[in-house]
2 protein chains.
Amino acid sequence: MPSESTVRRPTLTEVAALAGVSLKTASRALNREPNVAPSTGRRVQDAADSLGYRLNGIARELRRGATSALVGLVSGDLANPFYSAVASGIERELRQHGLLLITANNDEDAELERSLVDAFLERRVRALLVIPSGDDHEYLAIEGNRGVPFVFLDRPPDGLAADAVLIDNAGGARSAGEHLLAGGHRRIAMVADLARMAPQRSRIDGFVSAMTSFGNTLWEPYLRTEVHDVRHAERTVRDLLLLETPPTAIFTTNNRLTTGALRALRDVVRPPALVGFDDFDLADVLGTTVVAHDMGAIGREAARLAYERISGHTGPARTIVISTSLIARGSGERTG
Amino acid sequence: MPSESTVRRPTLTEVAALAGVSLKTASRALNREPNVAPSTGRRVQDAADSLGYRLNGIARELRRGATSALVGLVSGDLANPFYSAVASGIERELRQHGLLLITANNDEDAELERSLVDAFLERRVRALLVIPSGDDHEYLAIEGNRGVPFVFLDRPPDGLAADAVLIDNAGGARSAGEHLLAGGHRRIAMVADLARMAPQRSRIDGFVSAMTSFGNTLWEPYLRTEVHDVRHAERTVRDLLLLETPPTAIFTTNNRLTTGALRALRDVVRPPALVGFDDFDLADVLGTTVVAHDMGAIGREAARLAYERISGHTGPARTIVISTSLIARGSGERTG
C-alpha cells in the first residue's frame, strides 16, 4: 500500500497543461460552461481522466443554487445511541454552515467501511467524518489525498495525520474505578468490549491505573473483555454473580454493556454497585451512576473542524479531547 | 405544481434521436466508453442535457466493480430510536442485495426534506425510502418521475402512488385503550404528539374508538395533543397529576412521550397506570407496558419493496401493514 506521501492530488494546472489549454478554459470545460468548443471540452475531459483529476462539483452546485453540499459520516450502527447522538450533534453544527449530513453504517467491518468511504467520495462529499471500525486507517490516507478532509471521532487516527475528536476515556474510567474504591469496594469486576478497539483499551487502562494506584489487586479475577453486545453482557454479569465469591461492584465500559448488566441485575435482591461508561436515556429514572460525556459536543466539535478545513484551513492535524464527569445516581453508591 | 402525469422521464431513445445517433452510440457516449468520437460524445451529451436525461450511473459503477450502489433514507432524527431501529432493518436487508444505505435527517422540516431528496437523486441513489415529515408528498411525485422508486415508511403517501410500509397505529392504540378499560380505568389520559402527523391521528382515533365502543367519556378532559418532546411530555404528565381529579391511567402515543411520562412518574408514590406506544430499550427493566411492533421488520419490508422495484417490478403501488402487540410488564396493570 503506498504511503501518504507517494499519492498526490493532481491539480487543474496539470490538467490544463496536458490538454494544451489555459487554466480558465480547463475550468470552464470541466464545469460544462457554455462557449467551450466540443473538441476542447473532450480533450480537457480526457486529460482530467488520465490524471485522475476530481472535479469539485460542489462549487458548481452552489453556483446554480442547489442546496446539496454534503458531508459524510461513516460510523457504527446508528441503532446504538452513542453514534446517533454524535450524528445529531454533527448535523446541528453543519446546518449552520448550509451543509447537509449523510451517514452510513460500517457495521464495524473495515472492508465495508472502505466501500462506504469510496461511495461518499464518488458522490463528492466536502468532508468525511469517520468513527472507524478498526485501528488501521492507512487506506484513508490514500483517500484523504484526493483532497477531501477527514475528521476522526472517538478513535485516534493511526497511519495518517488527521483532525480528531476523542473522549477522555482513560480519565473517565479512572474516575469510575476511584469512585467504587472510595465506596469501599475491592472486588470490582470490569466488563469490557473488544480490546482491539482503542477507546476500550484506554478505558481498561484507566480503570487498571486506578486499582494499581490504590494498591488493590482483588479486581483481577473479575476482568471480562471481548463482551460485545447486550445479551453477552447480561450473561457475563449473571455468571459473575454466580461465582463462589462474587464481585461487590461492576464497571461496564459502554452503554450496551450497561444495558446488559441492568437486565442481569433486575431481579437480584442485593445487587452489586454498578457504574457504566456513557450516559443513556432513562439512566435518571433507573438511578444508574454513569461516566457521562457530551456526545453532542463530540459531533459539534468534529463538524467544526471539518468546516474549518472545507473553508480552507491548512494547519497541522488537531486533536480535541472531550472531558467526562461521573454522575452519581444511586447504583454506584451501593455498598458491598 | 404539475401533476404526476405531466412530468415524464425522457428515454435514451429520445436522446439518441435528438443527437442523430444510434441507441447503442448514445449509450456508449453517455457511459464514456472508448471508441466514441469526441464530437459525437458532445452531441449526445448536449441532447441528454437539453432533455433532462439522467444517466443511470449505477450500472456503469457496477460494471467497473465499484460497490457503491446506494439507497437513500430520509427520516427524522436518528437520535430517536424508532428511526434508528427502522434504518438498521433497512440496512440489513439491502446488504443482502449488495446495496448500501445512506441516511439523512429531515428534522421534520418539509423544505429540508425536499433538499435532501434532491441531493440524493443528484447522487444517483437507486431508490429512496422516506419517513416523510409532513402529509403533502406531491413534490415527491415529481421527483419520483425521474425514474427512482420511492417507498414510504410509517406514513402513507398522499398525492402520489408509491409503495408503503405502515404500522397498525389505530389497532395498536385501540388495544392500549381496551387494556386500560379492562383494568378498571375510566379517567384515562392520552398524551399525544403533533396531530398533523398521520400516525398520531390514527393512534388518537384508535384510542377514541376503544373509549366510544365501551361507552366511556371520562377520558375527554385528559386529552393532550401537540406534545412533541420528552420535556414537554414530562411537564404535561406532571400537570395532569396536579389536577383536582387526576387521571388514574395514561396512554402515551410514542416512545419520546413515554420517556417523559416515566420521568414525571419517577418519584410519585402511587403512580397512575401507564401504557406507551412503541417498545424501547430497558422497558423490560423498568416494567413498562407497551404497544410493541417490529421496527426492524418495517425497515426490512420497505427495503424488500425497494429492491423489487430496482429489479424491475412495475406493478401497482403496494401497502404493507405491520401488526402490533401489547406487552404487559406491570405499569399498565396498576389499578386506579
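Residues numbered from 1 in each chain as written. Chains lettered and ligands numbered in written order. Predicted model: local features only at pLDDT ≥ 70, side-chain atom pairs only at ≥ 80, totals over all residues. Heavy atoms only, no water.

Asker: Tell me about the overall build of chain A, and name the residues and values.
Answerer: What chain A contains, in helices and strands, is 13 helices and 12 strands. Taken over 336 residues, chain A has a buried fraction of 54%. Taking the intrachain contacts of chain A between residues at least 6 apart in sequence as the baseline, contacts between residues at least 24 apart amount to 68%. Total accessible area on chain A is roughly 13600 Å²; 50% of this is exposed by carbon and sulfur atoms. (Helix = DSSP H or I, 4+ residues; strand = E, 2+ residues; numbered from the N terminus. Buried < 20%, exposed > 50% of the residue type's maximum accessible area, 1.4 Å probe, protein only. Contact = heavy atoms within 4.5 Å. Areas by Shrake-Rupley, 256 points an atom, 1.4 Å probe, with all protein chains shown as cover.)

Asker: Could you give an account of the pattern of salt bridges, with specific residues and numbers?
Answerer: Enumeration according to the criterion identifies 32 salt bridges over all chains in this entry. Here Asp46 of chain A and Arg42 of chain A are joined by a salt bridge, their closest N and O atoms 3.2 Å apart. Within this pair, Asp46 of chain A and its partner Arg42 of chain A are both found in helix H3 (residues 38-51), separated by four residues, close to a single helical turn. On the basis of relative accessible area, Arg42 of chain A is assigned to the partly exposed category, the value being 22%. A salt bridge links Asp154 of chain B to Arg155 of chain B; its shortest N-O distance comes to 3.5 Å. The burial state of Asp154 of chain B is the same as that of Arg155 of chain B; both residues are buried. Because the salt bridges share partners, they merge into one network encompassing Asp163, Glu301, Arg304, Glu308, Arg309 and Arg318 of chain A. (Salt bridge = Lys/Arg side-chain N within 4 Å of Asp/Glu carboxyl O.)

Asker: Describe in detail the packing of aromatic side chains, supporting the description with residues and values.
Answerer: All names here are of chain B. Applying the stated criterion across every chain yields a total of six aromatic pairs over all chains. Considering the side-chain rings of Phe82 and Tyr83, the 5.6 Å spacing of their centres and the 65° angle between planes classify their relative orientation as edge-to-face. Each member of the pair, Phe82 as well as Tyr83, carries the same accessibility label: buried. Measuring from ring centre to ring centre gives 5.6 Å for Phe207 and Phe251, while their planes differ by 20°; the resulting arrangement is stacked. In this pair, Phe207 sits in helix H9 (residues 198-214) while Phe251 sits in strand E8 (residues 249-252), placing the two residues 44 residues apart along the sequence. (Phe/Tyr/Trp six-rings, centres within 6.5 Å; stacked < 30°, edge-to-face > 60°.)

Asker: Could you give an account of the nonpolar core, naming the residues involved and the relevant values?
Answerer: With 92 residues, the main nonpolar core has Ile90 and Phe251 of chain A together with Ile90 and Phe251 of chain B as its most contacted residues. Beyond its immediate stretch of four places on either side in the chain, Phe251 of chain B contacts Ala173, Ala176, Leu180, Ala189, Met190, Val191, Phe207, Val275, Gly276 and Phe277 of chain B. Within the second largest apolar cluster, 42 residues are counted, among which are Val130 and Ala164 of chain A together with Leu100 and Ala162 of chain B. (Core = buried A, V, L, I, M, F, W, Y, C linked by side-chain atoms within 4.5 Å.)

Asker: Tell me about the pairing of strand E6 (residues 188-191) of chain B, and please be specific about residues and values.
Answerer: Working note: regular strand, side chains alternate between the two faces of the sheet. Residue and element names in this part refer to chain B. Burial of E6 is two-sided: the residues Ile188 and Met190 facing one way and the residues Ala189 and Val191 facing the other way are all buried. Alignment of E6 against E8, held across four bridges, turns out to be parallel. Looking across to E8, one finds that Met190 is bridged to Phe251. What joins E6 to strand E7 (residues 223-224) is H9, and the crossover it makes is right-handed. (Pairing = 2+ DSSP bridges. Right-handed = clockwise from strand over helix to strand, strands pointing away.)

Asker: Give me the lowdown on the sheet that holds E8 of chain B, citing residues and values where you can.
Answerer: Residues and elements named next belong to chain B. Across the sheet, six strands lie side by side as E7-E6-E8-E9-E10-E12; this open sheet has mixed pairing. A strand with exactly one partner marks an edge of an open sheet, and here the two such strands are E7 and strand E12 (324-327). Sheet analysis places strand E9 (residues 273-277) next to strand E10 (residues 289-293), joined by three bridges and oriented parallel. Bridge pairing in E10 links Val275 to Thr289. Across the face of the sheet, helix H11 (residues 255-265) comes into contact with E6, E8 and E9 while running at roughly 155° to E9. (Axes fitted to C-alpha atoms, helices over the stretch in contact; angles between N-to-C directions.)

Asker: Kindly report on the interface of chain A and chain B, identifying the contributing residues and their values.
Answerer: Every contact between the two is made by 43 residues of chain A and, on the other side, 43 residues of chain B. Summed over both sides, the interface of chain A with chain B buries roughly 4100 Å², with 53% coming from carbon and sulfur. Taken together, the connections running from chain A to chain B amount to eight salt bridges. Note that Asp107 of chain A and Arg95 of chain B form a salt bridge whose closest N and O atoms lie 2.7 Å from each other. Here chain A and chain B share 13 residue pairs in polar contact (both at pLDDT 80 or more) between them. Taken together, the elements giving at least two residues each to the side of chain A that touches chain B come down to H3, helix H4 (57-63), helix H5 (81-96), strand E2 (100-105), helix H6 (110-122), helix H11 (255-265) and helix H12 (283-286) of chain A. Of the residues contributing to the side of chain A that touches chain B, the split by class is 18 nonpolar, nine polar and 16 charged. (Buried area = accessible area lost by both parts, 1.4 Å probe. Polar contact = N/O pair within 3.5 Å; in protein donor to acceptor, adjacent residues only side chain to side chain. Nonpolar A, V, L, I, M, F, W, Y, C, P; charged D, E, K, R; others polar.)

Asker: Give a description of the relation of the copies chain A and chain B that names residues and reports values.
Answerer: To go from the first copy of the chain to the second, apply a rotation about an axis and then a shift along the same axis. With an RMSD of 0.0 Å, the fit of chain A onto chain B corresponds to turning through 180° and sliding 0.0 Å along the axis. The transformation relating the two chain copies, once decomposed into turn and shift, fits a two-fold axis. Counting the interface residues of chain A, we find that 100% of their copies in chain B are interface residues as well, pointing to one common contact surface. (Least-squares fit on C-alpha atoms with pLDDT ≥ 70 in both.)

Asker: Can you explain the domain arrangement of chain A? Please cite residues and give values.
Answerer: All names here are of chain A. What the domain assignment reports for chain A is domain 1 (1-50), domain 2 (70-167 + 295-323) and domain 3 (169-292). Each of domain 2 and domain 3 has a C-alpha centre, and these two points are 29 Å apart. At the junction of domain 2 and domain 3, the tally comes to zero salt bridges. Summed over the shared surface of domain 2 and domain 3, the result is three residue pairs in polar contact (both at pLDDT 80 or more). Of the residues assigned to the side of domain 2 that touches domain 3, the class counts are five nonpolar, four polar and four charged. (Domains from an automatic or database assignment.)

Asker: So what about the pairing of strand E9 (residues 273-277) of chain A? Which residues, and what values?
Answerer: Residues and elements named next belong to chain A. Within E9, five of the five residues are buried, which leaves the element mostly enclosed by the surrounding structure. Because side chains alternate across E9, one face comprises the buried residues Ala273, Val275 and Phe277, and the other comprises Leu274 and Gly276, equally buried. Bridge count between strand E8 (residues 249-252) and E9: four bridges; the pairing is parallel. By the bridge assignment, Ala249 is partnered in E9 with Ala273.

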